[in-house]
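Next come the chains, spelled out residue by residue.
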Amino acid sequence: MSIDQDIRSIVSRVIKVPEGEIDPNADLFKDLGIDSLLGVEIFATLDKKYGIDLPEKKIAKIRTLSDVIALVKEKAGE
Amino acid sequence: MSTDYITIPQMLKESAAKFGPLAALRIKDGSGHYREYSYSDFYKAVQDIGFFLLKSRIEKGDRVALLSGNRPEWSFVYFGTVNTGAIIVPLDPKLETEELFNLLENSGAKMIFCSDDLMPKVLQIKDRLPDLKELVNIDKDMPGILSSSYFDAITSDQVELDDIASIIYTSGTTGSPKGVMLTHKNIMSNVVEIGPIFHMIGPGDNFLSVLPNYHAFETTAGMFCPLYKGASITYAESLKSYNLIQNMQETRVTILCAVPLLYKLFLDGIKRQVEEKGFFAKALFACLFLLSRFLRLLHFNIGRFLFGMVHRTFGGHIKFFVTGGAAIDPSILRDFDLMGFTVLQGYGLTETSPILSACTIENNVFGSVGKALPGIDLKINDPDSKSVGEVMAKGPNIMKGYYKNPDATYEVIKDGWFFTGDLGMFDKNGNLCITGRCKDVIVLGSGVNVYPDEVEFTLSKSPFIKELCVFGGVARSGARSGTEEVCAVAVPDMEHFSSWAQKHRLALTDDLIYKKTGEEIDRLGAELTEYKRVSKYFISKDELLKTATKKIKRFLVKKMFSS
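Just so it is clear, the structure is predicted and the values come from calculations on it, not from any experiment. (Residues numbered from 1 in each chain as written. Chains lettered and ligands numbered in written order. Predicted model: local features only at pLDDT ≥ 70, side-chain atom pairs only at ≥ 80, totals over all residues. Heavy atoms only, no water.)

1. Comments concerning the nonpolar core
All names here are of chain B.
Right, so step 1: Judged by nonpolar contacts, the single largest core of 166 residues is most densely connected at Phe79, Phe113 and Phe198.
Right, so step 2: Excluding residues within four positions of it along the chain, Phe79 makes contact with Ile8, Met11, Leu12, Phe42, Val46, Met223, Phe224 and Leu227.
Right, so step 3: Val89, Leu129, Ile167 and Tyr403 belong to the second-largest nonpolar core, a separate cluster that totals 24 residues. (Core = buried A, V, L, I, M, F, W, Y, C linked by side-chain atoms within 4.5 Å. Buried < 20%, exposed > 50% of the residue type's maximum accessible area, 1.4 Å probe, protein only. Contact = heavy atoms within 4.5 Å.)

This is how it looks when you write it as structure tokens:
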């Protein structure tokens, strides 16, 4: 499974929305009903999976699944 | 009920004398170690801040704003201010700059304590705040303030029970602000009378602080109560679940006060982990639930034993959880109960300091918010055939009023009774059950309130929107299912749309109208704090239903579009 698919699967499980319904460019907050607390939970799950520390302050800057994927890749590559 | 209430400075002095060497506050620092402040350290810091305020000519009744995330310094500033007779104005760090400006201007704060990360927001607006005399950077200036050798010289005798201790803004970041004025008596009566819930709490207990400190529920239940009882407060490292679990395990947390959404996330996390462990773990977990359910029917509660692993994950020392701020799904309470955890639900509003009623260990009725605290009278106004009506409250915890807003105060306090805006009824045992709301406020699962008027005020600036109605809809799917979210119905201004489409040579289709309206909602919504922004919107080509005075009938619009 690619990292993109993996992240999509994690987000899907946390927010309880089927993977197929998550458009990578959909607004996570507006279209998928995520709020900051759920955003933190997604970050926490990704932290554990990839051994990284995604800063909570970045949640406000994240809009889409693609943003999340880019952030994880950036952090994992550091 | 106790009628011999004490002021906040008296409480703090007594706690420092009684619990001096015990840990009061605790936070993990960058090196991974916990920094602790004893009650004596805490009291000294409070005195130092008080001395600094007096030196800066802050007088009794002056407003001091506080803008920071949860940390020991937040409590130092809160109590340091209140101890001198000045009024603390705790603000939400998530507010956007203009929202912040409106509240700071309304409060007339003479001094602002602000953490370094939030300074840029304040620096943008400070020159437009004529009352502001001093801006203190908590990270840079605090070490100097706290190194003062001046100690125990601040006398708090001039502070009286009916003096205002705090102004908490519940709304009005755009329209007419509603700053809730809470007196020393309001807050301390709630702290003292909360006894039925916290009677078994004392030195050795440890509260994990996860909710924002400016939230009245956290201020009273999560900060005042432990400090009154000699317990300690551990500030959560972050809201990430693994950090919370780590903090619970490392510091032997015994009490957690949080909002329903957090408990829902905990429960989802537990279930997810079980699922990930495979079929057998899932089957075993389901069997344990069934067994626990069966044993509960026989009045045996061995959930703590059956789900020992889950208890150990939470550190193994949890006495109970407290939930408040929003309604919790009773099934969450039941699932925690079957696992041997006690979750107590409380009810109240910022205007009531905040707790009005609560379930206790001895009287934990799922679906109810328990009985009124001692000294508080609750009644149902104008009950219907099902005994449901607006909940009214009277007691020493009812706010003094809204700051500089007598009209708004008059609307909610009549003959000493506070009209909560919530609909409820009493069960046969006198437990209050909240059934709905007769006010427009939207209460999100995270416990924060969103006032439709504020959102409408901001979004109505769009020339593309002719009419707008904002209301709380219940999310039907996803992790937030069952909780409220901000919804809007917009009536497009077709004249403006036509000329705009003509100008840009676009075909004016329904899709375009929907898309552009959404863009406008996003563009203007950026002026609002993130949680106030619209989650779901609908387009109505017909005018919205209105009263004879041309006010939109929000209740009917909500009913039409919720279905």
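So that's the structure; there's more coming.
2. Some points on the pairing of strand β16 (residues 377-381) of chain B
Residues and elements named next belong to chain B.
Right, so step 1: Here β16 shows one buried face, formed by Leu378 and Ile380, and one open face, formed by Asp377, Lys379 and Asn381.
Right, so step 2: Pairing geometry for β16 and strand β17 (residues 389-394), over five bridges, is antiparallel. Along β17, the bridge assignment pairs Ile380 with Val391. (Helix = DSSP H or I, 4+ residues; strand = E, 2+ residues; numbered from the N terminus. Pairing = 2+ DSSP bridges.)

3. Remarks on the confidence of the model for chain B
Right, so step 1: When pLDDT is averaged along chain B, the result is 90; 96% of the residues meet or exceed 70.
Right, so step 2: Our summary of model confidence lists the complex with pTM equal to 0.85 and ipTM equal to 0.75. (pLDDT = per-residue confidence, 0-100.)

4. Describing the packing of helix α18 (residues 494-503) of chain B against helix α19 (residues 510-525) of chain B
Residue and element names in this part refer to chain B.
Right, so step 1: Packing of α18 against α19 brings their axes to within 12 Å, and their N-to-C directions diverge by 100°. Accordingly, the angle class assigned to the pair α18 and α19 is roughly perpendicular. Contact residues: Met494, Phe497 and Trp500 in α18; Leu512, Ile513, Lys516 and Thr517 in α19.
Right, so step 2: The residue makeup of the contact of α18 with α19, split by class, is five nonpolar, one polar and one charged. (Axes fitted to C-alpha atoms, helices over the stretch in contact; angles between N-to-C directions. Parallel < 35°, antiparallel > 145°, perpendicular 65-115°, else oblique. Nonpolar A, V, L, I, M, F, W, Y, C, P; charged D, E, K, R; others polar.)

5. Section: the interface of chain A and chain B
Right, so step 1: Of the residues lining the interface, 26 residues belong to chain A; the matching set on chain B comes to 24 residues.
Right, so step 2: Regarding the contact of chain A and chain B, the summed buried area is about 2,100 Å², with carbon and sulfur atoms giving 52% of it.
Right, so step 3: Applying the counting rule to chain A against chain B returns five salt bridges.
Right, so step 4: Counting across the interface, chain A meets chain B through 10 residue pairs in polar contact (both at pLDDT 80 or more). (Buried area = accessible area lost by both parts, 1.4 Å probe. Salt bridge = Lys/Arg side-chain N within 4 Å of Asp/Glu carboxyl O. Polar contact = N/O pair within 3.5 Å; in protein donor to acceptor, adjacent residues only side chain to side chain.)

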